[in-house]
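Residue strings, one per chain:
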Amino acid sequence: MQHIADSSDLLKRNRGRRGLDILNKIQKELDVSVLIYEGDFEEISEVDSKLVKLAKVLQGKVVTNDFNLNKVCELQGVSVLNINDLANAVKPVVLPGEEIMVQVIKDGKEHGQGVAYLDDGTMIVVEGGREYIGNMMEVLVTSVLQTSAGRMIFAKPKLLEKAQ
């Protein structure tokens, strides 16, 4: 992390510094033992491979949001926790047929679609929702697409039943 924080690339340097700040915060504020491994696996050049090797040597677990690193760990028999899977596990369950209130905030990719978001950042594609941009509305969930990369909800405006 220190090597990344010292990078000449501004984006990498900011990520490295943020990582060091978070590590420092974990050490100071949580009742968790944090050990810094000073060793290196010089025969291995790729960072992901070094992490997998270190986890094997220490019989530890890899915690990541990197989809490919997650798959490599699984293939190598290393315990891994995908942060995206953890986040998905604690998100509220939304099922087809449910009605929810949303604010349509922008156009969707397809003609006539509008896009809204749940508080947790989950995207909701509202069929025929383009005309409601800027408005709060009740929608009916039609389907939910769940992947390791996240969740998308598809919905349509709830139609008021006509009085007979």
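For the structure itself, look to the data block above.
Residues numbered from 1 in each chain as written. Predicted model: local features only at pLDDT ≥ 70, side-chain atom pairs only at ≥ 80, totals over all residues. Heavy atoms only, no water.

Section: the overall build of the chain
Per the secondary structure count, the chain includes 5 helices and 8 strands. Its helices and strands in sequence order give the chain the pattern α-α-α-β-α-β-α-β-β-β-β-β-β, from N to C terminus. Expected size for 164 residues packed as a compact globule is a radius of gyration near 15 Å; at 22 Å, the chain overshoots this value by more than 25%. Each principal axis of the C-alpha distribution contributes one length, and for the chain these read about 75 × 35 × 35 Å. Across the 164 residues in the chain, those meeting the buried criterion constitute 25%. Put simply, of all contacts in the chain between residues at least 6 apart along the chain, 38% involve residues at least 24 apart. For the chain, the exposed surface amounts to about 12200 Å²; the carbon and sulfur share of it is 52%. (Helix = DSSP H or I, 4+ residues; strand = E, 2+ residues; numbered from the N terminus. Rg over C-alpha atoms; globule rule 2.2 N^0.38 Å. Buried < 20%, exposed > 50% of the residue type's maximum accessible area, 1.4 Å probe, protein only. Contact = heavy atoms within 4.5 Å. Areas by Shrake-Rupley, 256 points an atom, 1.4 Å probe, with all protein chains shown as cover.)

Some thoughts on the pairing of strand β8 (residues 150-157)
In the sheet, strand β6 (residues 123-126) pairs with β8 via 4 bridges, with the strands oriented parallel. Within β8, the position partnered with I124 by the bridge is I153. Strand direction decides the pairing type here: strand β7 (residues 136-147) and β8, joined by 8 bridges, are antiparallel. Opposite T147, over in β8, you have G150 as the bridge partner. (Pairing = 2+ DSSP bridges.)

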